[in-house]
Amino acid sequence: MATIETEIDIKALKSSGLRGGKLLDYAFNVLGYDGEKLEHVAIHVGTPHVNHIHAASMLDRSVSTIRNWASQGDGPIHPKVVNKTCCWRMKDIRSLIDL
């Protein structure tokens, strides 16, 4: 597997004491990570799904576009419903951006 080079502050992530989706939220809301950095945090964390806000940031699309993909079913990737919430598979996002 290839090494991912980015400027993620691993120390800040570890010092938060959070894991999984909570750590992804922390990276987005507190550290201000978006786009590629957020993708790499999701990969580092190993989360299989992300919400529409994180997916929009990773794909460099608006949240409205991602929601339209979910409701219309006409986007390049499709959400999975988990606990009545649309979640986007990291596997699909990675394949869409060739990461």
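Here the structure is shown first, and the text comes after it.
All values reported here derive from a predicted model rather than from experimental measurement.

J.: Would you mind going over unusual backbone geometry with me for this structure?
T.: Most peptide bonds are trans, and most residues other than glycine sit at a negative phi. The phi angle at Asn83 is positive, at roughly 50°, despite the residue not being glycine. Within the fold, Asn83 resides in the loop between strand S2 (80–82) and strand S3 (85–89). Of note in this structure, Lys84 is not a glycine but carries a positive phi near 65°. Note that Lys84 resides in the loop between S2 and S3. According to the relative accessible area criterion, Lys84 is exposed, its value standing at 82%.

J.: How should I be thinking about the packing of helix H3 (residues 35–45) against helix H6 (residues 90–97) in this particular structure?
T.: Put simply, H3 and H6 touch, their axes get as near as 11 Å, and they point 135° apart. The orientation of H3 relative to H6 falls into the category oblique. Seen along the crossing, H3 lies across H6 with a hand that is left-handed. Between H3 and H6, the contacting residues are Glu39, Ala42 and Ile43 on the first element and Met90, Arg94 and Ile97 on the second. Classifying every residue of the contact of H3 with H6 by side-chain character gives four nonpolar, no polar and two charged.

J.: When you look at helix H4 (residues 52–59) in this model, what are you seeing that I'm missing?
T.: Each α-helix winds once per 3.6 residues, and so residues spaced three or four apart point in a common direction. Burial within H4 is extensive, with six of its eight residues counted as buried. Within H4, the full set of buried residues consists of His54, Ala55, Ala56, Ser57, Met58 and Leu59. Packing partners of the buried residues in H4 comprise helix H2 (20–29), H3, strand S1 (49–50), helix H5 (63–72), S3 and H6. Once H4 ends, the next one or two residues include Asp60, with phi positive near 55°.

J.: How should I be thinking about H2 in this particular structure?
T.: Residues of H2 that are buried include every one of Leu23, Leu24 and Ala27, and no others. With its buried residues spanning 100° around the axis, H2 presents them on a single face. Exposed positions of H2 whose direction lies more than 90 degrees from the buried face are Lys22 and Asn29. Where H2 is buried, its residues touch helix H1 (10–15), H3, S1 and H4.

So, how was this worked out
- Residues numbered from 1 in each chain as written.
- Predicted model: local features only at pLDDT ≥ 70, side-chain atom pairs only at ≥ 80, totals over all residues.
- Heavy atoms only, no water.
- Helix = DSSP H or I, 4+ residues; strand = E, 2+ residues; numbered from the N terminus.
- Buried < 20%, exposed > 50% of the residue type's maximum accessible area, 1.4 Å probe, protein only.
- Axes fitted to C-alpha atoms, helices over the stretch in contact; angles between N-to-C directions.
- Parallel < 35°, antiparallel > 145°, perpendicular 65-115°, else oblique.
- Left-handed = near helix turned anticlockwise from the far one by under 90°.
- Contact = heavy atoms within 4.5 Å.
- Nonpolar A, V, L, I, M, F, W, Y, C, P; charged D, E, K, R; others polar.
- Arc of directions from axis to C-beta.

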